[in-house]
Amino acid sequence: MPLSSKHKLIPETPTQTVSAADYTHNQQEIIQLMAQLNQIVLDKSQVVKLALSGILAGGHLLLQDLPGMGKTTLAQGLAQLLGLSFSRVQFTNDMLPADILGMSIYDQSKLQFEFRAGPIFTQLLLADEINRSSPKTQSALLEAMEERQVTQDGQSYLLPKPFFVIATQNPLQQAGVYPLPESQLDRFLLCLSLGYPSPAAERELLKGQDRRELLNSLDAVLDTGAVLLAQQGVKQVYVADVVLDYLQRLVAKTRESHEYHGLSPRGALSLQRAAQAYAYVSGHMEMTPEDVQAVFAAVTDHRLGQRFVPAHLTGGQATPTIAQRILAEVAVIV
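As a starting point, this report considers the structure included with it. For clarity, every value in this text was computed on a predicted model and none was experimentally measured. (Residues numbered from 1 in each chain as written. Predicted model: local features only at pLDDT ≥ 70, side-chain atom pairs only at ≥ 80, totals over all residues. Heavy atoms only, no water.)

Before going further, it helps to examine the overall build of the protein chain. For the protein chain, the helix and strand inventory stands at 14 helices and nine strands. The C-alpha atoms of the protein chain give a radius of gyration of 20 Å, which matches the 20 Å a tight globule of 334 residues would have. The principal-axis extent of the C-alpha atoms belonging to the protein chain is close to 70 × 50 × 50 Å. Counting the 334 residues in the protein chain, one finds 50% classified as buried. A fraction of 80% describes how many contacts in the protein chain between residues 6 or more apart in sequence connect residues 24 or more apart. Here the protein chain displays about 16100 Å² of accessible surface, and carbon together with sulfur accounts for 53% of that area. Each charge class in the protein chain can be summarised by its mean position, and for the 26 positive and 32 negative side chains these summaries are 3 Å apart. (Helix = DSSP H or I, 4+ residues; strand = E, 2+ residues; numbered from the N terminus. Rg over C-alpha atoms; globule rule 2.2 N^0.38 Å. Buried < 20%, exposed > 50% of the residue type's maximum accessible area, 1.4 Å probe, protein only. Contact = heavy atoms within 4.5 Å. Areas by Shrake-Rupley, 256 points an atom, 1.4 Å probe, with all protein chains shown as cover. Lys, Arg positive; Asp, Glu negative; His and termini not counted. Charge placed at Lys NZ, Arg CZ, Asp CG, Glu CD.)

Looking now at a nonpolar patch on the surface. Residues Tyr106, Leu111 and Phe113 make up a contiguous nonpolar surface patch of about 360 Å² in total accessible area. By the element assignment, tyrosine 106 lies in strand β3 (residues 102-107). The exposure class assigned to tyrosine 106 is partly exposed, which follows from its relative accessible area of 40%. (Patch = residues over 30% accessible without salt bridge, like charges linked within 9 Å, V, L, I, M, F, W, Y side chains within 5 Å. Salt bridge = Lys/Arg side-chain N within 4 Å of Asp/Glu carboxyl O.)

On to the pattern of salt bridges, then. Under the criterion given, the structure shown has nine salt bridges. A salt bridge links aspartate 186 to arginine 303; its shortest N-O distance comes to 2.8 Å. Of this pair, aspartate 186 sits in the loop between α7 (182-185) and β9 (188-192) while arginine 303 sits in the loop between α13 (289-300) and α14 (322-329), and the two are 117 residues apart along the sequence. You can call aspartate 186 buried: its relative accessible area is 14%. Classification of arginine 303 by relative accessible area gives buried; the value is 14%. The partner of glutamate 256 in a salt bridge is lysine 253, with the nearest N and O atoms 3.4 Å apart. By relative accessible area, which is 24% here, lysine 253 ends up partly exposed. One salt-bridge network, held together by shared partners, links Glu146, Asp186, Arg187, Arg266 and Arg303.

Before going further, it helps to examine the pairing of strand β5 (residues 124-128). The buried fraction of β5 amounts to five of the five residues, a majority that puts the element mostly inside the structure. What you see with β5 is no split at all: Leu124, Leu126 and Asp128 on one side and Leu125 and Ala127 on the other are buried throughout. As judged from the five bridges shared by strand β2 (residues 86-90) and β5, these two strands associate in the parallel manner. Bridging from a neighbouring strand, phenylalanine 86 pairs with leucine 124 of β5. As paired strands, β5 and strand β8 (residues 164-169) are joined by four bridges and run parallel to one another. When the sheet's bridge partners are listed, alanine 127 is paired in β8 with alanine 167. (Pairing = 2+ DSSP bridges.)

This part is about the sheet that holds β8. The parallel open sheet is built from five strands, whose spatial order is β2-β5-β8-β1-β9. The outermost strands of the open sheet, each flanked by one partner alone, are β2 and β9. Direction aside, neighbouring strands of the sheet carry axes that sit 15° apart on average. As paired strands, strand β1 (residues 60-64) and β9 are joined by four bridges and run parallel to one another. Looking at the pairing, leucine 63 lines up with leucine 192 of β9. (Axes fitted to C-alpha atoms, helices over the stretch in contact; angles between N-to-C directions.)

Next up, the structure:
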């Protein structure tokens, strides 16, 4: 259907201050949301907390793992519990940018071209197996993810607010995948992997109800207004100078190596924003070094060139990531 006029580019609305009552109510909703999502995605409470932190920070998520590990389930559960409009696009090697963004179609009755919006005009877009499409199609998301708008035929169209992309990708060792370029990896605030469940969680999964049936039974905990309010609350989380000193030392450490490119200023801002959101989800209004440490690997490893390698290819041995090595080398000075 044609894109309505409300989607055309308009000025930003003024920010809203989060009161103490709003904060308390929002925290109760966040606890309830995580509890319900942990009933769907078993044994992954830290991944769930990081994913929600990324959403409330206003960022996009990249979930990378083997097929069948629950990436799509996590994305769909988040969309349903957040009460946001949702679209899913299954990426394939023959997909074109217009399949995502939309295209201009000639209307014979009006004797003019009319823009028909694609599935990207939603609040939460699940880009499933994004690395199975060509780089040309992958790059179609760059403007939307950074500017929250789509430009077609010289006309800019504002995407709904809030707007998030949750993308899943399969390991590069599998056939038929294209690596995401660095410019696109940098658009993702967090990169997460679920990994295999524990034996107890897998037993519960085998004996329990189908995950898709459980998803259908979920009711929204938040809504658009609550998500936008929480995003404002994240921005109000206090950051002391001593914590910023620690964050900057970590960023500086990433720039000392010749093995990889260090974090850009946008990467440093992403680290601060993610840590503020993690503090907010944890029920705090002041960011601590522990919040920075909790999100550091998820924010930085994919920006530093760390490639996902499934555990079975490393003999089940967990090797320290680039981010984990940096955390071990930079001391917290209070």
